[in-house]
Structures are given as C-alpha cells and as structure tokens.
Amino acid sequence: MSRKIKKIVVLGAGVMGAQIACHFANIGTEVLLLDMPPKELNSEEKKAGLSIDHPKVRNRIVSQLLARSLKMSPAPLYLKSFSSRISVGNFEDDLNQIQECDWIIEVIIENLGIKQKLYNQIENFRKPGSLITSNTSGIPIGMLLEGRSEDFKQNFCGTHFFNPPRYLKLLEIIPSKYTSEKVIDFLTEFGERHLGKSVVICKDTPAFIANRIGVYSMMSVFHLQKEFNLSVEEIDKLTGPIIGRPKSATFRTCDLVGLDTLVMVAQNLQKTLTHDESKAVFKIPDFIQKLMENQWLGAKTGQGFYKKIKNEEGASEILSLDLSNFEYKAKQRIKFPEFEAAKAIPHLNNRFKLLLKGEGKISQFYRKLFLGLFAYVSHRIPEISDEIYKIDEAIRTGFGWEMGPFEIWDTLGLKKTIPLMEEMEIQPATWIYKMAKTDQKFYQLKDGNLQFFDLTTQKYTTIPGTEKLVLLNNLRPSHSIWSNEGCSIIDLGDGVLNLEFHSKMNTIGSEIIQGINKAIELAETDYKALIISNEGENFSAGANIGLVFMLAIEQEYDELDMVVRTFQNTMLKLKYASVPVIAAPHGMTLGGGCEVCMHSDKVIAHAETYMGLVELGVGVIPAGGGTKEFAHRLSNEMATDDIRTNRFREKFLSIGQAKVSTSAYEAYDLGYLQRDIDEVIVSRKHQLIYAKKTALLMCEKGYTPPLPTKNIRVLGAEGLALIYSGADGMEVANYISEYDKYLSIELGKVLSGGELSEPTEVSENYLLNLERTAFVKLCQQKKTLERMQSLLQKGKILRN
C-alpha cells in the first residue's frame, strides 16, 4: 500500500495538539483541528447576541487554543501565513470530517475512559486503512485498543511527540502487538523525511524511553542536590552546557516545562514500576513537594526555582530560590575550579574525563550522577529497548543532550568505570561485565558507518537507517583529505568534496578562509563539486569580530583592509568556481556565514536555519560581499519603476535592522535565500545526502559557472534620498540614536552605489570597494569600537 498524507486531523487543541497541528502545517499538510464545543455563552457572545448554536460559538474553544499557540515564542510555525493550512471544528459537529483524513492523531486528556469513548466515535467515521495514533505518554498502548476493530488495531500505535514539537526532534513510535509492520515502516520514513524527526521505535513500557531515562536523571540530580548541599544556581551550572546539556540545565528546565509535569511523570513511574532496582529515585523529595504545595510551578505560575522581578531601577532581574529557607535571592556568580578547567577543553568526551577524575566535591557529584546513570541504563536493556543506540538517540533528541549515556560511557571506558562503580556500591547489569572482559565498546566506526554492539547477536551492527545517509562524523576519521584548526575537507565519494567548519561556534577566521580556498583548488583540480556543511550546533555565527576589534584598536587599518579584501576575494572565488558549490546551512547562519551561502550556486537550507546579516548590530556593515549581493539581487528585482523603491526599502531594512530569519522560509522573505534557486529541507539527517545528489545533478546537466557581473543597477541619489528621509524620521521619533542614523546612511551609500546622480550600472568590484571602504571607516569610529568592546565583554560575539 502506497500511503499519501494529504490531510490529517488532530483531536485535542491543547498545548501539544495545537503545536502538532502547526508542525504538520509547516510541511504543507492540510490540517483539521478539533476540540470540545463550549457548554455556555461567554459575556462577549451574549453582548453580540449570538446563540449557543452559532458556529463562532461552537468553535470558540478550539479557535482560542490555536490562537494562543500561534502567539507562542519560539513560534510553532515556520511562517505565520502557514496557519491558513489549519481549519478548526469541534467534536460534536465536525467529527464526521475525519472520513476525509489520512491520519488521525489523538491528543486529548490522559484519561483511559475518555479516550476509549472518543475511539468509539472515531470507528463510526474513519475510512478503512487510515492511520490512528495517540500522543499518550502515560497510558499503555495495549489498553487503548480494548474493543477496537481489526482494521483500527492494525493501523494504530502511539506517536509520542516532544514539546515543543517543531523544535524537539524526537518522535517515539510505540506499536502494539497488532500494529502492521507496514504502518511502522511508513511512520518511521514519514517522521524522519517529512517531519524532520529522529524516530525511535519503543516498547510499550512506562514513560517509554526518553522520559524514563531523562526523568530518572533529573530526579537523581534532585537527590544529589541535598546530599552535596548545592544551590539552585550551582546545580544548573554543573548540569548545563559544560556536560553537553541545554543551557536550561535542570532547575530552569523544570520552570520551563512546569514542575507539575515532571512530578506527574515521576509519580506515575513510581506507581507503575514493579521491577526497577532504582524505583526509590522517583520518590519526590521534600523540597519539590513544598514547591508543589506552594504552586510555584515555574513559568506558568510566575515563579518556581527562579523568579523574574523588576528591581528598584525598574530593570528586570532574575532571582533564584534558596532551598534552605525558601526565599528568593539575587543570583550568585558561581565559580568552580573544576568547571573553569573543563571550559578550556573543547571536546566534550575529554571534558568528562577531567570532571570525573578529581577528589573534590564537584568530581564526587559527577561520579555519583554519571555512574548511577550508567548502571540504570544498563539495567533497562532489554526492558525498554533491545538496542543501546535507541536509548542514546532518544535522550539526545528528546532532552537535548549532546551525548547519550552509552556514548558517554564509551569515552570513559568500561574497565575504568566498573571499579569506581563497585567502590560506590553501584551495580551495573551482568552483561556489562561480559563486555568489559573482552574489552568491547558500545560503538565502533567501520567503513564510514557507526555500528553498535547488538546484545542479541553479540556482534557489531550498523545502526539501521544510516547506511544510505552521508554523516560527516562517521566519514571524518577515514575520508578527510586536508584539515587545519578551523576546518576539514572530506571526500564524500562520487567526486564530491565537503568543507566542514569546526572552529568555536564555526566562526570564520583565517583558517576557514584558507580552507575555502583550498577546497575550491582541490575541487576544480580533481573533483566534480563542493558542498559546505557541518554537523555542529550552528552553521556559522559569522566572522571573527574579535580579530577585527584587535586590528582596529591598534589602528592597523591597512592590515584590516587586507583582511576584508581577502574575505571578499574568497567569496568571489566561491561564486565563480568552475564546479558547482552548494551551501547546506542549519541553525545560526549569521554575518560571514550568511555571505558564504549568498555566494554559493545554490543553498539547501535546513528548515531551522536562522539566517541574517547582523553586522550593523556590531557597528559595521556587511563587507564580505553581503551588501554587494543585496544590491545585485535588488537590481534583478527592479523590473518596473513603481516597485523599485519598495524593493530597495525591503533590502535595506533586512540589513539595517540586522534581521535574522526565524526559519529558512522566512529567509526567503528577508532576501537571504532566492525562491527560484534555493531550497528548504525539513530533515536534517537527509540534508547532506540531498545536497550531494543535487550537486551531482547539476554536473550531469552540464554545469557552467556564472560570469562576473558588470551591470548591477543601483539607484544612486534616489536611493540615498530614501535613506536620509527614513533615518531622519526614525531619529526624530527616537527609534534610533544619532550613531545608528550614521550607520544607516553609510549602509545606504553602499546599497545605492555611492554618490551617483542617477540610477547607474556598476560592477561587483565597484560595490566591493565601497563595502570595504565603509567597513574600515566605521572601524575607526569610537562608538563602533565601544560597541564591539561591550559585546565582546558580554560574550555576545566571539573572539580568539
């Protein structure tokens, strides 16, 4: 059966239901969102003279819930206009419409009786063969199927999305014993390729995989907090990015998701787990119970472990909870020697070795935390999963950890950790001792594929679904052909090279400039195409402004001019290379990273690409060809006189306001991506393989590089007049400062082509010279240096 998902229905418009509906709208699916009709009129409806049967009244609840979701930050939609793909209705009037739907997703209250009652109604209307899934996280899948038809059972399973569904990549699929294998295969493929998810097939056990392990880890931290007498800030310092976990760490995460949500999962686990050796860990500590009694649940109640207030000066201030007396106090600056030493280690796996080896309180805390976690996950095989990679994948993509438990354990080594565990009376599972005797690891790289140790076959097996992907982490050790401190060139096979950035935040400095030039040289000599992509958290945070500041403060203006000129020339080499060049960005793609994309033949952008030319925020203009490229694209769009001023204003505001797209789709609207050339892909896993296929297709068609452009039409005085009048108005209205006005005019001069009396055709080099001159001039201004220094001190821009 070849399934096509054209229309889905989401039953339940609460926080999760509405956001799931939004994410399906993101990928272009028609969505019907249903919820309960109200039982009585509200005051506004009475005032308007509406009856209880009026459609507006009947759909009031679902409409309000959807509207609330659309106002969320971060946004659940790639573009606000995508909300037009969602229609609303209610269970009593519109349930019959599910017969038009290919997939029914139930997201109502976690109550077995209510769910079964709704399933009875679904049976009356759904078309045979349509998918039915539940987003339940607390009710066994088997119990939901009592009394259901065979067709319902075969097409039913759990699909557990994580909140927020757009951003958290995990999708747990929980089949029942009746679920068709074809349904599982389809949902896996659709989830990964269309929804951009990391799909993990789970057993029907309490809390499935991610919540079982993730909540265990958080509850462990709660208990260790008391044992080691650590403050809220200290715990969050120790359990955040330093160990590869999100910035929200532990207590801030509780505040964000709601303490009541975490407590509900923990209490449910303590109640339902019967053979869990660490069941006591899920017992709610006294201080958590007190927060629950006080209704200090986090962001939803205005206070939790942290509380945001206005101080005496009227500025926002975040206080932290003192767990010894339950009073809020000013946040303390936390400093640990172990922490400071670990920060200097760039690679996470080496950081773990340092953090666990000391004898101080912090190292003891980490040993108890991680060795306990290792033992716990070892005992969950085969209870919650037969394969170790599923646990790592689930915790990484569901809880945002950089490395899963077994991956961390591999870096520390079984033979080194088992004696420590025994010393602390922490007992891992029996199979761990067997692996240690043969000196085996949980994972190994072989022929460019990551393999896991399969306990069933006692052999290493390639992780299913990765065989046909192109994964740089797997290829790097054996396929790198050139590298320096900032980047590597990797042979992807079939004549395609990949340039991978790996500097801090992938900022662009001299090493990456060298790498771009070397990659072009190699590609033009012995290969067919070049792709620029990486597997870091972000594509690139931009150029190294720290270097620019150093040259400017030392008044080395000739050298600064040469640095900018070198960057510009490198971008031109990228643009006019004799082989296709494709950029495949994701995450932050700012400043120089954005300029790399703008000079590539084509961009294959991940949907979660946050792209922008943000240099004005630093006190300079884009000078790696970004301003020039905007002028060039503006020239191509200025077909008629009646719209050219509007186009000019749009382009100017994108750079002038340092706008950053909230998705790759918005990058089209802001002018960073080109609709007729560049593409967006939702699946991060498939991004590089698709970019490679696209590059080879360009070669197959017969690639011819573009010719240098000499006829870029700029507006001259007409454009400058718009800039001057707009900047004056903004300054008078106190929207911008006098210096911001100055910056705007300098940007406007370049975008307009300089002091030209009328619209004129100019060359790329002409605009690049204007760009570079303006950049160096701005770097000589005291206010620009003050702005750079302030941002550097705050850590908002990177430095060497």
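Above this text you will find the structure in question.
Every value quoted in this text rests on a predicted model; they were computed, and no experiment measured them.

Caption draft 1: The arrangement of the overall build of the protein chain in detail. Looking only at helices and strands, the protein chain has 34 helices and 25 strands in total. For a compact globule of 800 residues, the expected C-alpha radius of gyration is about 28 Å, and the protein chain comes in at 28 Å, within 12% of that figure. For the protein chain, the spread of C-alpha atoms along the three principal axes comes to 80 × 75 × 65 Å. Considering the protein chain as a whole, with its 800 residues, one finds that 55% of them fall into the buried category. Here the analysis covers contacts within the protein chain between residues at least 6 apart in sequence; of these, 69% occur between residues at least 24 apart. A total accessible area of about 35400 Å² is found for the protein chain, and carbon and sulfur atoms account for 50% of it.

Caption draft 2: Up close: the pairing of strand β4 (residues 103-106). Going residue by residue along β4, you find W103 and I105 tucked away on one face and I104 and E106 tucked away on the opposite face as well. Strand direction decides the pairing type here: strand β1 (residues 7-11) and β4, joined by four bridges, are parallel. Pairing of I8 across the sheet is with W103, part of β4. Relative to strand β5 (residues 131-134), β4 runs parallel, the two being bridged by four bridges. Directly across from I105, in β5, lies its bridge partner T133. In this fold, the crossover linking β4 to β5 by way of helix α6 (residues 112-125) has right-handed handedness.

Caption draft 3: Just the nonpolar core, in detail. Counting 115 residues, the largest nonpolar core has F305, Y366, F370, F406, W431 and F442 as its most contacted members. At 11 residues, the largest contribution of residues to this core is made by helix α17 (residues 361-379). Filtering out sequence-adjacent residues up to four positions away, F442 remains in contact with I388, F406, W409, D410, L414, W431, I432, M435, Q451, F452, F453 and Y460. Core analysis: the next-biggest nonpolar cluster, separate from the first, contains 78 residues, M638, I712, L715 and V776 among them.

Caption draft 4: Expanded view of the sheet that holds strand β12 (residues 443-446). Pairing is antiparallel in the open sheet, where three strands are placed in the order β12-β13-β14. The sheet terminates laterally at β12 and β14 (459-462), the two strands that pair on one side only. Averaged over all neighbouring strand pairs, the angle between strand axes comes to 40 degrees, with direction disregarded.

Caption draft 5: Geometry of a positive patch on the surface. On the surface, a cluster of positive charge is made up of R252, K308, K310 and K331. Mapping R252 onto the fold places it in helix α12 (residues 251-257).

Caption draft 6: Just the layout of surface pockets, in detail. One number sums up the size of the second largest pocket: a volume of about 500 Å³. Taken together, 25 residues make up the lining of the second largest pocket; nearest its centre are S600, D601, K602, I677 and M698. Broken down by secondary-structure element, the contributors of at least two residues to the lining of the second largest pocket are α27 (626-637) and α30 (687-701). Partitioned by chemical class, the residues of the lining of the second largest pocket number eight nonpolar, nine polar and eight charged.

Caption draft 7: Summary view of the environment of P477. Along the chain, the position of P477 falls in helix α22 (residues 472-479). Owing to a relative accessible area of 62%, P477 belongs among the exposed residues under this scheme.

Caption draft 8: Structural view of the pattern of salt bridges. Per the counting criterion, the structure on display carries 48 salt bridges. Two residues, D561 and R565, come together in a salt bridge whose shortest N-O distance is 3.1 Å. In this pair, D561 and R565 both sit in helix α25 (residues 557-575), four residues apart, roughly one turn of the helix. Between R772 and D561 there is a salt bridge, with its nearest N and O atoms 3.3 Å apart. On the criterion of sequence distance, the pair formed by R772 in helix α33 (residues 764-778) and D561 in helix α25 is long-range, its members being 211 residues apart.

Conventions we followed
- Residues numbered from 1 in each chain as written.
- Predicted model: local features only at pLDDT ≥ 70, side-chain atom pairs only at ≥ 80, totals over all residues.
- Heavy atoms only, no water.
- Helix = DSSP H or I, 4+ residues; strand = E, 2+ residues; numbered from the N terminus.
- Rg over C-alpha atoms; globule rule 2.2 N^0.38 Å.
- Buried < 20%, exposed > 50% of the residue type's maximum accessible area, 1.4 Å probe, protein only.
- Contact = heavy atoms within 4.5 Å.
- Areas by Shrake-Rupley, 256 points an atom, 1.4 Å probe, with all protein chains shown as cover.
- Pairing = 2+ DSSP bridges.
- Right-handed = clockwise from strand over helix to strand, strands pointing away.
- Core = buried A, V, L, I, M, F, W, Y, C linked by side-chain atoms within 4.5 Å.
- Axes fitted to C-alpha atoms, helices over the stretch in contact; angles between N-to-C directions.
- Patch = residues over 30% accessible without salt bridge, like charges linked within 9 Å, V, L, I, M, F, W, Y side chains within 5 Å.
- Salt bridge = Lys/Arg side-chain N within 4 Å of Asp/Glu carboxyl O.
- Lys, Arg positive; Asp, Glu negative; His and termini not counted.
- Charge placed at Lys NZ, Arg CZ, Asp CG, Glu CD.
- 1 Å grid on protein atoms, 1.4 Å probe; cavity = no way out; pocket = protein on both sides within 12 Å on 5 of 7 lines; lining within 4 Å.
- Points joined across faces, edges and corners; volume = space filled by probe spheres on them.
- Nonpolar A, V, L, I, M, F, W, Y, C, P; charged D, E, K, R; others polar.

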